[in-house]
Amino acid sequence: MNINLKDKRALITGASSGLGEIIAKEFAADGAKIGLNYHSHPDAAEKIASNIRENGADVFTLQSDVSDAESVEAMFEKFIKQYGGIDILVNNAGIDGNRALVWESDISEWEKVVKINLFGPYYCAREALKYMTVQKSGVILNMTSVHENIPWSGYSGYAAAKAGLSMLTKTIAQEVGSLGIRVMSLAPGAIKTPINQSVWGNPNSLADLIDKIPYGRLGEREEVAKAAAFLVSENASYVTGSTLFVDGAMIDYANFTHGG
Ligand code: BGC
């Protein structure tokens, strides 16, 4: 299947590492023009951008804190000034936060997790849709998680935000369906990225994690990026308002693999 994103103007949040980085590279390889958002690592973002440029694609970096509405507005102003419109938004920026049971958790930490993982995508979608609704075209891809579905002890803010983001996807898809705009969620499972390095970097926690995946291994970043490229491309022209899980069947009750 040929994925063609030629000249599509794509803004990808949280793209200075992890899934955002590899999605930016994949979209650029498919012909898209990239606005590469980062929060606090300009050097890493610039390095990725120059790597993308060397391969002949159009890219520039954009600093913004997605949990701050004014900062998001300023980022969109720059993006629109550069490319004149927006075709693709990938709401990827996110953090797991520190592990803490609800009654032991710190309120400001909890708020931070929800602000980045849920308010961020809302602020970005709100800006992008100002343009997409006028253009009457566009795609928004919200990176959720298997934890839009699976509760995750110690990460209540994260799970609540991802479940909320999944519902945000569906609701926006309903709002813009008649305007030719698609909105989807992509829910990765355990993918080898810096976000969960402390888990897959340790043999015991890695074995415990693999036990939760019927397919028997962690995912690679490229496997998520390929799925993301499909979803934002014309190949997925009738896919909207739903979630694609890229998770090795993690949501599929792994404990029942050996009978119940
Ligand atoms: C989290 C990872 C975790 C995975 C599976 C993701 O959403 O960001 O840290 O390994 O879910 O639990």
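Fair warning: this is a prediction, and the values are worked out from it, not measured in the lab.

Draft legend 1. Looking closely at the nonpolar core. One finds Ile23, Phe27, Ile34, Leu36, Leu141 and Leu186 to be the most contacted residues of the largest nonpolar core, which totals 37 residues. If you list the elements that add at least two residues to this core, you get β1 (9-12), α1 (18-29), β2 (33-38), α2 (42-54), β4 (88-91), β5 (138-143), β6 (181-188) and α8 (221-232). Per-element tally for this core: the top contributor is α8, with 7 residues. Ignoring anything within four residues of it in the chain, the contact list for Ile34 reads Ala10, Ile12, Ala24, Phe27, Ala28, Asp58, Val59, Phe60 and Tyr83. Formed by 28 residues, the second largest nonpolar core is a distinct cluster that contains Val66, Tyr123, Leu165 and Leu168.

Draft legend 2. Layout of the layout of surface pockets. Considering only enclosed or pocket space, the second largest pocket measures out at about 190 Å³ in volume. As for the second largest pocket, its lining consists of 13 residues, and the residues nearest its centre are Lys8, Gly138, Val139, Val232 and Glu234. By residue class, the composition of the lining of the second largest pocket is 3 nonpolar, 6 polar and 4 charged.

Draft legend 3. Broad picture of the sheet that holds β5. A sheet is described by the order of its strands in space; here 7 strands give the open sequence β3-β2-β1-β4-β5-β6-β7, paired in parallel fashion. Strands with a single pairing partner mark the edges of an open sheet, and in this sheet they are β3 (59-63) and β7 (243-246). Going from strand to strand, the sheet's axes swing by 20 degrees on average, the running direction of each strand aside. Across 5 bridges, β2 lies against β3 in parallel orientation. Each residue of the ladder has a partner; that of Leu36, found in β3, is Thr61. Where α1 meets the sheet, it contacts β1, β2, β4, β5 and β6, and its direction lies at approximately 170 degrees from that of β1.

Draft legend 4. Structural detail: the packing of helix α4 (residues 107-135) against helix α5 (residues 156-176). Where α4 contacts α5, the two axes come as close as 8 Å, and the packing angle between them is 15 degrees. When the interaxial angle is binned, α4 and α5 end up roughly parallel. As for the relative orientation of α4 and α5, their crossing is right-handed in sense. Counted together, Trp110, Val113, Val114, Asn117, Leu118, Pro121, Tyr122, Ala125, Leu129 and Thr133 of α4 and Ser156, Gly157, Tyr158, Ala160, Ala161, Lys162, Gly164, Leu165, Leu168, Ile172 and Val176 of α5 form the full contact between these two elements. Its residues assigned to classes, the contact of α4 with α5 comprises 15 nonpolar, 5 polar and 1 charged.

Analysis parameters
Residues numbered from 1 in each chain as written. Predicted model: local features only at pLDDT ≥ 70, side-chain atom pairs only at ≥ 80, totals over all residues. Heavy atoms only, no water. Core = buried A, V, L, I, M, F, W, Y, C linked by side-chain atoms within 4.5 Å. Buried < 20%, exposed > 50% of the residue type's maximum accessible area, 1.4 Å probe, protein only. Helix = DSSP H or I, 4+ residues; strand = E, 2+ residues; numbered from the N terminus. Contact = heavy atoms within 4.5 Å. 1 Å grid on protein atoms, 1.4 Å probe; cavity = no way out; pocket = protein on both sides within 12 Å on 5 of 7 lines; lining within 4 Å. Points joined across faces, edges and corners; volume = space filled by probe spheres on them. Nonpolar A, V, L, I, M, F, W, Y, C, P; charged D, E, K, R; others polar. Pairing = 2+ DSSP bridges. Axes fitted to C-alpha atoms, helices over the stretch in contact; angles between N-to-C directions. Parallel < 35°, antiparallel > 145°, perpendicular 65-115°, else oblique. Left-handed = near helix turned anticlockwise from the far one by under 90°.

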